[in-house]
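# A structural walkthrough
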Amino acid sequence: MDFTSLAREFVTLFVVIDPVGTIPVFLYAAARAPRALHRQIALRATIIAGLVLLAFLVGGQFLLEGLGLRFGSFQIAGGIVLFLFALSMIFGDSKSDNEISAAGRDPMAGAVFPLAMPSIASPGAMLAIVVLTDNHSQTVAEQVITAGILVLVLAITLALLLAATVIHKLIGNTGASVISRVMGIILATIAVDSIMGGLDALGVLSLEPPEAISAPLE
């Protein structure tokens, strides 16, 4: 796995998990909790989200194959869902607005919903982790590396949640919304590439690898 692939996987997971967009959700979920519990809420939410995403990494494709579904078809479906998710990030209400409105009054319950799910372990993140760990094209070592990248993104998410109060004072809800929309544009591009990769896997298209497309624009 080269640096380009590693960077692509990191960007994909960072965008779909959206740690910055999770900050307002965390602040709302922890607002009624004593200051001493904020660290516990952040840690609990990150661990639960990590366990959910790792479960999809390990067993997601086995479930698909058990149902007799081709991975190329899932890649296309996942790309479409990620694209719609990206459109909602770009044009819809911000991630934090939607999830704050669903937050409950119990702060520790808020660590599970909406903070762990669907804010950190979003449907887009679940789909992305399955697409990135295709058992037929990725070796076990490469899937372990992807798991390591996932853990790194979750560690960044935890660090941002622990520093949420300071960060929110700097960027505010508006800043978080702008960053979320920029990430939506990046995710839309990744989603289109996933759809094209699925069409290639099914034999509908015949695409050259990115390394082979080297003709400069004039």
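Throughout what follows, the structure given in this document is the object of discussion. Remember, predicted model here, so these are calculated numbers, not experimental data.

## Thoughts on the overall build of the protein
Of regular secondary structure, the protein possesses nine helices and zero strands. Listing every helix and strand of the protein by position from the N terminus yields α-α-α-α-α-α-α-α-α. Sorting the 218 residues of the protein into buried and exposed places 44% on the buried side. For the protein, contacts bridging at least 24 residues in sequence account for 87% of all contacts bridging at least 6.

## Regarding the packing of helix α2 (residues 19-29) against helix α9 (residues 164-201)
Packing of α2 against α9 brings their axes to within 8 Å, and their N-to-C directions diverge by 120 degrees. The angle between α2 and α9 places the two elements in the oblique class. Crossing of α2 against α9: the hand is left-handed. For the pair α2 and α9, the contacting residues are Val20, Ile23, Pro24, Phe26 and Leu27 in the first and Ala164, Thr165, Ile167, His168, Ile171, Asn173, Ala176 and Ile179 in the second.

## Focus: a nonpolar patch on the surface
On the surface, Val11, Val178, Val182 and Ile186 cluster together to form a nonpolar patch covering roughly 290 Å² of accessible area. Top element by residues in the nonpolar patch is α9. It accounts for three residues. A relative accessible area of 45% places valine 182 in the partly exposed class.

## A closer look at α9
If you check α9, its first and last C-alpha atoms are just 42 Å apart, much less than what 38 residues at 1.5 Å a residue would give, namely 56 Å. Of all bends in α9, the biggest is about 80 degrees, found at glycine 172. Of the residues flanking the end of α9, it is glycine 203, one or two places downstream, whose phi is positive at about 85 degrees.

## Regarding the packing of α2 against helix α8 (residues 140-162)
Between α2 and α8, the least distance of the axes is 9 Å, while the angle of their chain directions is 40 degrees. By the angle class used here, α2 and α8 are oblique. Every pair of crossing elements has a handedness; the one defined by α2 and α8 is right-handed. Contact residues: Pro19, Val20, Thr22, Ile23 and Phe26 in α2; Thr157, Leu160 and Leu161 in α8. Residues belonging to the contact of α2 with α8 are distributed by class as follows: six nonpolar, two polar and no charged.

## Quick notes on unusual backbone geometry
Positive phi is not limited to glycine here, since aspartate 18 has a value of about 55 degrees. Turning to its location among the elements, aspartate 18 is positioned in the loop between α1 (3-17) and α2. You can call aspartate 18 buried: its relative accessible area is 2%.

## A short note on the environment of glycine 197
Turning to its location among the elements, glycine 197 is positioned in helix α9. In this structure the C-alpha to C-alpha distance between glycine 197 and isoleucine 76, which are 121 residues apart in sequence, comes to 7.7 Å.

## A few points about the nonpolar core
One finds Leu13, Ile17, Phe26, Ile41, Leu53, Ile120 and Leu150 to be the most contacted residues of the largest nonpolar core, which totals 46 residues. Contributing elements (two or more residues each) for this core: α1, α2, α3 (35-66), α4 (71-91), α6 (107-120), α7 (123-132), α8 and α9.

## Some words on the side chain of threonine 12
Considering the arrangement of structural elements, one finds threonine 12 in helix α1. In this structure threonine 12 comes out as buried when scored by relative accessible area, which is 3%. Here the side chain of threonine 12 touches arginine 8 through a polar contact of 2.8 Å, landing on its backbone oxygen. Those residues in contact with threonine 12 that lie beyond four places of it in its chain are Ala128, Leu132 and Ile190.

## Examining the side chain of threonine 22
Checked against the element boundaries, threonine 22 lands in helix α2. In terms of polar contacts, threonine 22 uses its side chain to reach the backbone carbonyl oxygen of aspartate 18, at 3.0 Å.

Rules used throughout
- Residues numbered from 1 in each chain as written.
- Predicted model: local features only at pLDDT ≥ 70, side-chain atom pairs only at ≥ 80, totals over all residues.
- Heavy atoms only, no water.
- Helix = DSSP H or I, 4+ residues; strand = E, 2+ residues; numbered from the N terminus.
- Buried < 20%, exposed > 50% of the residue type's maximum accessible area, 1.4 Å probe, protein only.
- Contact = heavy atoms within 4.5 Å.
- Axes fitted to C-alpha atoms, helices over the stretch in contact; angles between N-to-C directions.
- Parallel < 35°, antiparallel > 145°, perpendicular 65-115°, else oblique.
- Left-handed = near helix turned anticlockwise from the far one by under 90°.
- Patch = residues over 30% accessible without salt bridge, like charges linked within 9 Å, V, L, I, M, F, W, Y side chains within 5 Å.
- Areas by Shrake-Rupley, 256 points an atom, 1.4 Å probe, with all protein chains shown as cover.
- Salt bridge = Lys/Arg side-chain N within 4 Å of Asp/Glu carboxyl O.
- Expected span 1.5 Å × (residues − 1).
- Bend = angle between axes of the 7 residues up to and from the residue.
- Nonpolar A, V, L, I, M, F, W, Y, C, P; charged D, E, K, R; others polar.
- Core = buried A, V, L, I, M, F, W, Y, C linked by side-chain atoms within 4.5 Å.
- Polar contact = N/O pair within 3.5 Å; in protein donor to acceptor, adjacent residues only side chain to side chain.

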